[in-house]
There are 2 protein chains.
Amino acid sequence: MTIAEVSKKYGLTQDTIRYYEKMGLIPPVPRNKSGIRDFDEQSCRWIEFIKCMRSSGLSIEVLKKYVELFNKGKSTVKERKDLLIGQREKLLEKQEDIKKTLDRLNYKIELYDDIISGKRKDFMEEP
Amino acid sequence: MTIAEVSKKYGLTQDTIRYYEKMGLIPPVPRNKSGIRDFDEQSCRWIEFIKCMRSSGLSIEVLKKYVELFNKGKSTVKERKDLLIGQREKLLEKQEDIKKTLDRLNYKIELYDDIISGKRKDFMEEP
DNA sequence: TATTGACTTGGAGCTAACTCTAAGAGATAT
DNA sequence: ATATCTCTTAGAGTTAGCTCCAAGTCAATA
């Protein structure tokens, strides 16, 4: 699979994919005899995995670390697990922040709705 | 309230608070006779509101827009509501991304747990 | 053979959101 | 009066994560 195909399949730009490889977010992609990337299934799985992790904000740095551990083999299983647990913690906090913000947005939107529909005429302007 | 007190109360650096004011994320803060910020309740509410919104990733740009509309008064209520609805949409998507990532992390963590506890000896290394 | 087009690289450039620095003002303690 | 402390500003610097560019290689087509 060429980089163009992978780019289209996963909705990442070619530049981004090359950047991820350069940064060590995915293991080196196999090349053909003229040095052009030829993505195999394993590479695609990595792309998909990284895309998912990045979509919720895991940092380049931590994903790079994960790939490094992965490449060292079975001896790093415990360390990899701990790394993932740390990131799960962070995501749970983020999820909480978002829930709080959503509550607040919902409240405000309802308030504005009431004002617009004339149900509430007595409103005070406050943040 | 001085900037030091506000900084401590909300866990934002003084620099960040000044930056937010400069960027128009919060309306101008009242000053004493020697030009030093003296945060009143309204200012504090703005700080708290912006902190919440920023904590889940709403951009400086969109929050600035919101403050602008707010300062124009009641005529912008509809526009403000639409802006908040747009941001709610974004947050809901983000929430979905995080949920997917959490599922994936949980799956992997369990797998690693099984490997560590010896419950699973047949594992293939894959992303 | 010449051209086209998709790939390659290193490295420069960009944006968002801070973060830091330098220079200075004003209130308070010694 | 002097020193200390907290504040002020404009503007420079930093970081993460891309994004773009120029120059070059290679395979396929006219």
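Basis of the calculations
- Residues numbered from 1 in each chain as written.
- Chains lettered and ligands numbered in written order.
- Predicted model: local features only at pLDDT ≥ 70, side-chain atom pairs only at ≥ 80, totals over all residues.
- Heavy atoms only, no water.
- Near = heavy atom within 4 Å.
- Polar contact = N/O pair within 3.5 Å; in protein donor to acceptor, adjacent residues only side chain to side chain.
- Helix = DSSP H or I, 4+ residues; strand = E, 2+ residues; numbered from the N terminus.
- Nonpolar A, V, L, I, M, F, W, Y, C, P; charged D, E, K, R; others polar.
- Salt bridge = Lys/Arg side-chain N within 4 Å of Asp/Glu carboxyl O.
- Buried < 20%, exposed > 50% of the residue type's maximum accessible area, 1.4 Å probe, protein only.
- Axes fitted to C-alpha atoms, helices over the stretch in contact; angles between N-to-C directions.
- Left-handed = near helix turned anticlockwise from the far one by under 90°.
- Contact = heavy atoms within 4.5 Å.
- Least-squares fit on C-alpha atoms with pLDDT ≥ 70 in both.
- Buried area = accessible area lost by both parts, 1.4 Å probe.

Residues in close proximity to DNA strand C total 18 residues, the closest being A:Arg18, A:Arg37, B:Asp15, B:Tyr20 and B:Arg54. The sugar-phosphate portion of DNA strand C accounts for 74% of its atoms within 4 Å of the protein, the bases making up the rest. At 3.2 Å from a phosphate oxygen of DNA strand C is found a side-chain nitrogen or oxygen belonging to A:Arg31. For the surface near DNA strand C, the secondary structure elements donating two or more residues are helix H1 (3–10) and helix H2 (14–23) of chain A together with helix H2 (14–23) of chain B. Top contributing element to the surface near DNA strand C by residue count: H2(B), with four residues. Taken together, the residues of the surface near DNA strand C sort by class into six nonpolar, six polar and six charged.

Moving on to the pattern of salt bridges. Enumeration according to the criterion identifies 15 salt bridges over all chains in this entry. Linking B:Lys81 and A:Asp113 is a salt bridge whose minimum nitrogen-to-oxygen distance equals 2.7 Å. With B:Lys81 in helix H5 (residues 77–117) and A:Asp113 in helix H5 (residues 77–117), the pair connects residues from two separate chains. A salt bridge links B:Glu96 to B:Lys99; the nearest nitrogen and oxygen atoms lie 3.8 Å apart. Placement of the pair is B:Glu96 and B:Lys99 together in helix H5, with a separation of three residues, close to one helical turn. The class for B:Glu96 is partly exposed, based on a relative accessible area of 39%. Among the charged side chains, a salt-bridge network with shared partners connects A:Glu21, A:Arg31 and A:Arg37.

What follows is about the protein's contact with DNA strand D. The local shell around DNA strand D holds 18 residues, among which A:Asp15, A:Arg54, A:Ile60, B:Arg18 and B:Arg37 are the closest. Considering the 4 Å shell around the protein, atoms of DNA strand D inside it are sugar or phosphate in 76% of instances. Within the side chain of B:Arg18, one N or O atom sits 2.8 Å away from a phosphate oxygen of DNA strand D. A distance of 2.8 Å is found between a phosphate oxygen of DNA strand D and a backbone nitrogen or oxygen belonging to B:Arg37. Elements with a contribution of two residues or more to the surface near DNA strand D: H2 of chain A together with helix H1 (3–10) and H2 of chain B. Among the residues making up the surface near DNA strand D, the classes are represented as six nonpolar, six polar and six charged.

Let us look at the packing of helix H3 (residues 41–55) of chain B against helix H4 (residues 60–72) of chain B. Residues and elements named next belong to chain B. At their nearest, the axes of H3 and H4 sit 11 Å apart, and the two run at 145 degrees to each other. Crossing hand, H3 versus H4: right-handed. Together, Trp 46, Phe 49, Ile 50, Met 53 and Arg 54 of H3 and Ile 60, Leu 63, Tyr 66, Val 67 and Phe 70 of H4 make up the contact between the two elements.

What follows is about the relation of the copies chain B and chain A. Expressed as a screw operation, the relation of chain B to chain A combines 0.0 Å of axial shift with a rotation of 180 degrees, fitting to an RMSD of 0.1 Å. In symmetry terms, the pair is related by a two-fold rotation axis. If distances are taken from each C-alpha of chain B to the rotation axis, the shortest is found for B:Gln95, at 3.3 Å. By residue overlap, the copies meet face to face through one surface: 100% of the interface positions of chain B are interface positions in chain A.

In this section: the interface of chain B and chain A. The partner chain A presents 44 residues to the 44 residues of chain B that form the contact. Here chain B and chain A share an interface that buries about 4400 Å² over both sides, 70% of which is from carbon and sulfur atoms. Summed over the three residues of chain B that lose the most area to chain A, namely B:Arg104, B:Tyr112 and B:Pro127, the buried surface amounts to 15% of that side. Where chain B meets chain A, there are four salt bridges. At the junction of chain B with chain A, the criterion picks out 14 residue pairs in polar contact (both at pLDDT 80 or more). When residues of the side of chain B that touches chain A are traced back to their parent elements, those giving at least two are H3, H4 and H5 of chain B.

Functional significance is not addressed by these values, which are geometric in nature.
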